[in-house]
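Here's the letter readout for the chains.
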Amino acid sequence: MNNQLYGNLIFELSRPGRCGYSLPKNKFGHHEVPAEMRRKADAELPECDELTVVRHYTNLSNNNFGVNNGFYPLGSCTMKYNPIINEEIAAMPQFAAIHPLQPEDTCQGALQVYYDMQKALAAITGLEEFTLNPFAGAHGELTGLMIIRAYHQSRGDMKRTKVIVPDSAHGTNPASAAVCGLEIIEVKSTAEGVVDVNDLRGLLDDTVAAMMMTNPNTLGLFEPEIPEIQRLVHECGGLMYYDGANLNPMLGVCRPGDMGFDVMHINLHKTFSTPHGGGGPGSGPVGVRKGLEKFLPVPKVEKIGDTYHIVTNGEGNIHVGEFFGNFGVMLKAYTYILTLGNEHIKLVGPLATLNANYIKESLKDCYELPIGSVCKHEFVFNGLKYKSTGVTTMDVAKRLLDYGYHAPTIYFPLLFHEAMMIEPTENESKETIDSFIGTLRKIAEEAASNPDVVKTAPHNTPTGRVDDVLAAKQPILTWKQMKSI
Ligand SMILES: *Cc1c(COP(=O)(O)O)cnc(C)c1O
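Since this is a predicted model, take the numbers as computed values, not measurements.

Peer 1: I tried to follow the site of the ligand on my own but got confused; where do I start?
Peer 2: As a matter of local geometry, the ligand sits amid 14 residues, with Ser76, Gly137, Asp243, His269 and Lys270 nearest to it. Contacts to the ligand include Ala138, whose backbone N or O atom sits 2.8 Å from an oxygen atom. With respect to the ligand, the side chain of Asn246 contributes an N or O atom lying 3.1 Å from an oxygen atom. Isolated, the ligand exposes 380 Å² of accessible area, and the fraction of that covered by the protein chains is 86%. Residues belonging to the shell around the ligand are distributed by class as follows: three nonpolar, eight polar and three charged.

Peer 1: What should I look at first to understand the sheet that holds strand β2 (residues 162-166) in this one?
Peer 2: Hydrogen bonds between backbone atoms are what pair the strands of a sheet, whose relative direction is either parallel or antiparallel. Read from one edge of the open sheet, seven strands run β1-β7-β6-β5-β4-β2-β3, paired in mixed fashion. The sheet terminates laterally at β1 (129-131) and β3 (183-187), the two strands that pair on one side only. For this sheet, the mean angle separating the axes of adjacent strands, direction not counted, is 25 degrees. Where β2 and strand β4 (residues 208-214) come together, three bridges link them in parallel fashion. Each residue of the ladder has a partner; that of Ile164, found in β4, is Met211.

Peer 1: Quick question: what am I supposed to make of the nonpolar core here?
Peer 2: Nonpolar side chains in soluble globular proteins tend to end up buried together. If you look at the biggest cluster of nonpolar residues, it comprises 54 residues, and the most contacted ones within it are Leu121, Met211, Ile229 and Phe272. Elements with a minimum of two residues in this core: α5 (108-125), β3, α8 (197-201), β4, α9 (226-235), β5 (239-244), β6 (263-266) and α11 (327-363). Phe272 has contacts with Leu121, Ile124, Leu251, Ile266, Asn267, Ala333, Tyr336, Ile337 and Ile345, leaving out every residue within four places of it along the chain. In terms of nonpolar packing, the next biggest core, distinct from the first, is built from 26 residues, Tyr151, Val288, Leu292 and Ile318 among them.

Peer 1: For this particular structure, what's the right way to read a nonpolar patch on the surface?
Peer 2: Taken together, the side chains of Leu347, Leu351 and Leu354 make up a nonpolar region of the molecular surface, amounting to roughly 270 Å² of accessible area. By the secondary structure assignment, Leu347 is in helix α11.

Peer 1: Got a minute to help me understand the confidence of the model for the protein chain in this structure?
Peer 2: Reading fine detail from the predicted coordinates is not recommended where pLDDT is low. Model confidence for the protein chain is summarised by a mean pLDDT of 92, while 97% of its residues fall at 70 or above. Across residues 1-6, where pLDDT falls below 50, the model places eight contacts with residues more than four positions away in sequence or in other chains.

Rules used in this analysis
Residues numbered from 1 in each chain as written. Predicted model: local features only at pLDDT ≥ 70, side-chain atom pairs only at ≥ 80, totals over all residues. Heavy atoms only, no water. Near = heavy atom within 4 Å. Polar contact = N/O pair within 3.5 Å; in protein donor to acceptor, adjacent residues only side chain to side chain. Areas by Shrake-Rupley, 256 points an atom, 1.4 Å probe, with all protein chains shown as cover. Nonpolar A, V, L, I, M, F, W, Y, C, P; charged D, E, K, R; others polar. Pairing = 2+ DSSP bridges. Helix = DSSP H or I, 4+ residues; strand = E, 2+ residues; numbered from the N terminus. Axes fitted to C-alpha atoms, helices over the stretch in contact; angles between N-to-C directions. Core = buried A, V, L, I, M, F, W, Y, C linked by side-chain atoms within 4.5 Å. Buried < 20%, exposed > 50% of the residue type's maximum accessible area, 1.4 Å probe, protein only. Contact = heavy atoms within 4.5 Å. Patch = residues over 30% accessible without salt bridge, like charges linked within 9 Å, V, L, I, M, F, W, Y side chains within 5 Å. Salt bridge = Lys/Arg side-chain N within 4 Å of Asp/Glu carboxyl O. pLDDT = per-residue confidence, 0-100.

Structure, rendered in structure tokens:
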């Protein structure tokens, strides 16, 4: 690739008078734009021929890394292959061209998809009913906490203002609780990386609105004390919230509803294969146990006889968006569920778990494994086992880019200094996983024999190591023309 020519910003490729498109002839007669609405000067837009534009964006897109390019073991994010049939269904004009204000008798098929999808999630999780409206996992958490608050308030119980969150939780848990106006109380983890029930006992009283739990937790561990935890929290009048962003390892194995959880969210964009990244698009459906359905947000879809109806008023009076969320994401996730069917969806959890444990066991002689028990869909290394040459988790992550892999999630969870969280998903072949293991092994050898090559990585990517502190403090997000004075 000729970076000189194509790596430039599109504005720098601009030449005065060049044109890539001309508008069709005006068929509607001449209508003056009112004087006060007219531009005083021309808009500063790049002027390029069509081929230059096509090459520019195609070359930029080749610098992207996605699941369709290579292995993407980003823990907690479940970067799962999105089969093309998902895209084909979501792009069908019968779905894609619907207007949100269309009368319900003209979009019965779409309403049926919404209704059947929420039923499918209810069956998968053992809960009663779902809303598909929230736009992301964090939005689902906020919705779920609003439901919990509405439930307590409906009983006249106004003093419940606290939410218990484990110290291993995803950052969105305390953030959502804070946005909902609730106070966050942290419960500690044991040395084995699971919720410390003794610590929890001391935190429970009649001001607790709910406890949020992620299971398997962010260390990829199944929380073994859930029966006792849910008993204690319910006994003090609180509700149990399940962060099901990563439901992958549970599919077909066990259900949050059966474990005593009252409210949960799922990330369709992690668990059910729909693509995500760069802030969207997402979908964070929220499910509730029997008795809490009336607090679900509106609009929702009801089935009466053979027809589907849009319901626009609900008892909890919770609105998390005017319409039905990211419908395209639901279509992709629903297609994925139907493609696997009842029988094959049961294999997702066991295969994701097998792949994660295989990587963990194959590399624990060269990477530090702080918690050695059987993991679920992901696990955490605490950097290299031998740290004497000063090679950090950041360096290993950057070196992986040189070998054509996306980096794992790093420095999360916060329980370990050099955390490296690896999640392979169920889709990867043994050959792919073996070559990833071989590469991480090779990097561990380099860290011992030639640490500088790892510390200065990446060497083969279009941009070298960026100063991420500067990028976070002074982000340059728009191109500004440097005008000569
Ligand atoms: C990703 C994730 C979330 C948040 O989901 P978003 O869609 O990114 O808002 C919450 N909890 C856990 C455990 C997650 O992995």
